[in-house]
Amino acid sequence: MKLAFGTLKVTAIVLLIQAILNGISVFSSPFIYGPFVVLDLILAYGVYVENRNAVKVALIYLGLDLFLAIFYLIAGVILKGVVAFLDFLAIHDMVSYIEAVAREDAEETGDVSV
């Protein structure tokens, strides 16, 4: 399995890792972390099958998660640096995918502005 940016495999793996990390926290607060485990798993599947709506939702979700992870990192929670790095990788993968899809759509329509 070759992991290349723009294939959405990196994003699916990052979402699965986040589901596992949130799953570990479910034992302390099931009503807070439980829905995030479900959301991560649903988004991981949707991104893996390249559902465009799931990619859009995952991009917003991971962008907010990156924003909050950076705040936690500034506050001194060093482990949030790992989450921030994973979010950055996933966002880079999704942006590369969106660029490739836009390029393919432009080639189909004959538009050269992309």
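Preceding this paragraph is the structure being described.
Cut-off values and rules
- The numbering scheme is per chain: residues are counted from 1 as the chain's sequence reads.
- With pLDDT at 70 or above as the cut-off, local features in this predicted model cover only qualifying residues; side-chain atom pairs require 80 or more to be listed or tallied, and sums for whole chains, interfaces and linings still use all residues.
- For the side-chain quantities, the full set of heavy atoms in the structure was used; hydrogens and water were omitted.
- Residues form patches when they are more than 30% accessible in relative terms and have no salt bridge. Like charges link within 9 Å. Nonpolar side chains (Val, Leu, Ile, Met, Phe, Trp, Tyr) link within 5 Å.
- Accessible surface is estimated by sampling points in the Shrake-Rupley manner with a 1.4 Å probe; for residues, cover comes only from the protein chains shown.
- Salt bridge, as used here: a side-chain nitrogen of Lys or Arg that lies within 4 Å of a carboxyl oxygen of Asp or Glu.
- In DSSP terms, a helix is any run of H or I states spanning at least four residues, a strand is any run of E spanning at least two, and both are numbered starting from the N terminus.
- Any helix carries an expected span of 1.5 Å times its number of residues minus one.
- Residue exposure (1.4 Å probe, protein chains only): buried if accessible area is under 20% of the type maximum, exposed if over 50%, otherwise partly exposed.
- Contacts are assigned to residue pairs with any non-hydrogen atoms lying within 4.5 Å of each other.
- Two rings from Phe, Tyr or Trp (for Trp, the six-membered ring) form a pair when their centres sit within 6.5 Å of each other. Planes less than 30 degrees apart are called stacked, planes more than 60 degrees apart edge-to-face, and all others tilted.
- Throughout this description, the term charge over a ring refers to an Arg CZ or Lys NZ atom that lies within 6 Å of the ring centre and within 35 degrees of the ring normal.

### Digging into a nonpolar patch on the surface
At step 1: Together, Phe67, Leu68, Ile70, Phe71, Tyr72, Ile74, Val77 and Leu79 make up an exposed nonpolar region whose accessible area comes to about 850 Å².
At step 2: Position of Phe71 among the secondary structure elements: in helix H3 (residues 52-75).

### Focus: helix H4 (residues 80-109)
At step 1: For H4, built from 30 residues, the straight-helix expectation of 44 Å at 1.5 Å per residue is met to within 8% by its first-to-last C-alpha distance of 43 Å.
At step 2: Among the residues making up H4, those that are buried are Val83, Ala84, Leu86, Asp87, Ala90, Ile91, Asp93, Met94, Ser96, Tyr97, Val101 and Ala106.
At step 3: Buried residues in H4 make contact with helix H1 (9-25) and H3.
At step 4: Directly beyond the C-terminal end of H4, a positive phi value near 85° is found at Gly110.

### A word on the packing of aromatic side chains
At step 1: By the definition in use, this model includes 1 aromatic pair.
At step 2: Between Phe67 and Phe71, the ring centres sit 4.7 Å apart and the planes meet at 70°, which makes this aromatic pair edge-to-face. Here Phe67 pairs with Phe71, and both are found in helix H3, just 4 residues apart, close to one helical turn.
At step 3: We note Lys80 situated over the ring of Tyr72; from NZ or CZ to the ring centre the distance is 5.2 Å.

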